Amino acid sequence: MFVRFLVHSFWIFLLACSANALAERRVALVIGNDGYETIPPLYKAAQDARSMGSVLEQAGFEVTSLEDATYRQMAKAIEAFSRDLAPDDKAVFFFAGHGVQLKSGNYILPVDVDAGNEGMVERTSYGLDDITFLLGKHRSGFQMIIVDACRDNPFPARTRSFGNTRGLVPVEAVKGQMIMNSASRGQQALDRLG
């Protein structure tokens, strides 16, 4: 459902940007993680990422896709993606998978996240503030960051509780960025209905 909403929103965004379509390059990094090793798996995140990647390709974007990405794979892909941005580029970053809010901020989780304690989650996942900073540092024409990761706290109940029980706090976008989340503050986005 969220992907349908995004598709409609994205077409509006593309229409607004179409005046300079010939002078710009459109690039996207799309990540969908289902196969988590230490926390409950998801069932639709990779499918959502494939759907988003398809829509972006139809809109003329060069899409780099990752599924069931480890921390190392995500870090390398995000670094390469940000480093390759040019001033006139339109850039989209899309992530579907588990996310969590910790005291130090919001994190998107790779499939190999170490869920032993809060400190290990911070060290083995990717901070949303880091993504906005890294992409913003390479000022492109426009950047859209889409996070489909506002879910119930995915960490096992057998461990000491950490992380907020629901949702992600809003992230401050840098100039030229738009950030979209799949749910409002304190709400969860469902992996599947029923």
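The present account deals with the structure reproduced in this document. (Residues numbered from 1 in each chain as written. Predicted model: local features only at pLDDT ≥ 70, side-chain atom pairs only at ≥ 80, totals over all residues. Heavy atoms only, no water.)

## Remarks on the sheet that holds strand S1 (residues 26-32)
Hydrogen bonds between backbone atoms are what pair the strands of a sheet, whose relative direction is either parallel or antiparallel.
Phase 1 of the analysis: Across the sheet, which stays open at both edges, the five strands sit in the order S2-S1-S3-S7-S8 with parallel pairing between neighbours. Sheet topology places strand S2 (62-67) and strand S8 (177-181) at the edges, where each strand pairs with a single neighbour. Each strand axis lies, on average, 10° off the axis of its neighbour in the sheet, ignoring direction.
Phase 2 of the analysis: Two strands pair when backbone bridges link them, and S1 and S2 are joined in this way by six bridges, in the parallel orientation. (Pairing = 2+ DSSP bridges. Helix = DSSP H or I, 4+ residues; strand = E, 2+ residues; numbered from the N terminus. Axes fitted to C-alpha atoms, helices over the stretch in contact; angles between N-to-C directions.)

## Regarding the nonpolar core
Phase 1 of the analysis: Leu56, Phe93, Phe95, Ile108, Leu109, Tyr126 and Ile131 are the most contacted members of the largest nonpolar core, which has 49 residues in total.
Phase 2 of the analysis: For this core, the elements supplying multiple residues, two or more each, are S1, helix H2 (45-58), helix H3 (71-83), strand S3 (90-96), strand S4 (99-102), strand S5 (105-108), helix H5 (128-137) and strand S7 (142-148).
Phase 3 of the analysis: For this core, the leading source of residues is S3, giving six residues. (Core = buried A, V, L, I, M, F, W, Y, C linked by side-chain atoms within 4.5 Å. Buried < 20%, exposed > 50% of the residue type's maximum accessible area, 1.4 Å probe, protein only.)

## A short note on the pairing of S5
Phase 1 of the analysis: Across four bridges, the pairing between S4 and S5 is antiparallel. Of the residues in S5, the one forming a bridge with Gln101 is Asn106.
Phase 2 of the analysis: Between the antiparallel neighbours S4 and S5 lie two residues.
Phase 3 of the analysis: Across two bridges, S5 lies against strand S6 (residues 126-127) in antiparallel orientation. In the strand pairing of S6, Ile108 is matched with Tyr126.

## Here we look at H5
Phase 1 of the analysis: Along H5, the positions that sit buried rather than exposed are Leu128, Ile131, Thr132, Leu134, Leu135 and Gly136.
Phase 2 of the analysis: For H5, the elements touching its buried residues are H3, S3, S5, S6, S7 and S8. (Contact = heavy atoms within 4.5 Å.)

## Here's the deal with the environment of Asp129
Phase 1 of the analysis: Residue placement: Asp129 occurs in helix H5.
Phase 2 of the analysis: Residues Asp129 and Tyr107, 22 residues apart in the sequence, show an inter-C-alpha distance of 8.4 Å.

## A short note on the pattern of salt bridges
Phase 1 of the analysis: Per the stated rule, a full pass over the model turns up four salt bridges.
Phase 2 of the analysis: Its salt-bridge partner being Asp84, residue Arg25 comes within 3.2 Å of it at the nearest N-O pair. Remark: Asp84 occurs in the loop between H3 and S3 and Arg25 occurs in the loop between helix H1 (2-17) and S1; sequence separation between them is 59 residues.
Phase 3 of the analysis: We note a salt bridge from Arg25 to Asp89, for which the minimum N-O separation is 2.7 Å. Note that Arg25 is positioned in the loop between H1 and S1 and Asp89 in the loop between H3 and S3, a separation of 64 residues in sequence.
Phase 4 of the analysis: By relative accessible area, Arg25 is classed as partly exposed at 25%.
Phase 5 of the analysis: Each of Arg25, Glu62, Asp84 and Asp89 takes part in a single network of salt bridges with overlapping partners. (Salt bridge = Lys/Arg side-chain N within 4 Å of Asp/Glu carboxyl O.)

## A few points about unusual backbone geometry
A negative phi holds for most residues other than glycine; trans holds for most peptide bonds.
Phase 1 of the analysis: Of note in the backbone geometry, Asp68 takes a positive phi value of approximately 50° without being a glycine.
Phase 2 of the analysis: Inspection of the secondary structure assignment puts Asp68 in the loop between S2 and H3.

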